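The primary structure of each chain is shown beneath.
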Amino acid sequence: MKLFIHNFLQELFYALTGAILIFTFLEIISPGMVLAYFNLNYLLLFWPIIGIIVVL
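Residues numbered from 1 in each chain as written. Predicted model: local features only at pLDDT ≥ 70, side-chain atom pairs only at ≥ 80, totals over all residues. Heavy atoms only, no water.

**Looking at the overall build of the protein**
Then, number 1: For the protein, the count of helices and strands is two helices and zero strands.
Then, number 2: What you see for the protein is a C-alpha radius of gyration of 13 Å, clearly larger than the 10 Å of a compact globule of 56 residues, by over 25%.
Then, number 3: Here the protein holds 56 residues, and 20% of them are scored as buried.
Then, number 4: Of the roughly 4,600 Å² that the protein leaves accessible, carbon and sulfur atoms contribute 78%. (Helix = DSSP H or I, 4+ residues; strand = E, 2+ residues; numbered from the N terminus. Rg over C-alpha atoms; globule rule 2.2 N^0.38 Å. Buried < 20%, exposed > 50% of the residue type's maximum accessible area, 1.4 Å probe, protein only. Areas by Shrake-Rupley, 256 points an atom, 1.4 Å probe, with all protein chains shown as cover.)

As structure tokens, then:
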């Protein structure tokens, strides 16, 4: 069970990292396109928390 949770959190971390990269790229191309529809605060809050849990 512990291995399953670790693998799930690791994959979630990878998905959040990809989302941050894609959203950053979209904001560079067209400013305000992502931020007008999606609040990135929660994404940027959960991303390092999950990263710390995965490292431990």
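Following the structure, the description resumes.
**Some words on the nonpolar core**
Grouped burial of nonpolar side chains is what soluble globular proteins tend to show.
Then, number 1: Of all hydrophobic cores here, the largest spans eight residues; its members are Leu9, Leu16, Ile20, Val34, Leu40, Leu43, Ile50 and Val54.
Then, number 2: The set of elements that each furnish at least two residues to this core consists of α1 (2-29) and α2 (41-55). (Core = buried A, V, L, I, M, F, W, Y, C linked by side-chain atoms within 4.5 Å.)

**A short note on the packing of α1 against α2**
Then, number 1: Remark: α1 packs on α2, axes separated minimally by 9 Å, with the N-to-C direction vectors making an angle of 145 degrees. Note that α1 runs across α2; the crossing there is left-handed. Seen from α1, the contacting residues are His6, Leu9, Gln10, Leu12, Phe13, Leu16, Thr17, Ile20 and Phe23; seen from α2, they are Leu43, Leu44, Phe46, Trp47, Ile50, Gly51, Ile53 and Val54.
Then, number 2: Here the contact of α1 with α2 is composed, by residue class, of 13 nonpolar, four polar and no charged. (Axes fitted to C-alpha atoms, helices over the stretch in contact; angles between N-to-C directions. Left-handed = near helix turned anticlockwise from the far one by under 90°. Contact = heavy atoms within 4.5 Å. Nonpolar A, V, L, I, M, F, W, Y, C, P; charged D, E, K, R; others polar.)

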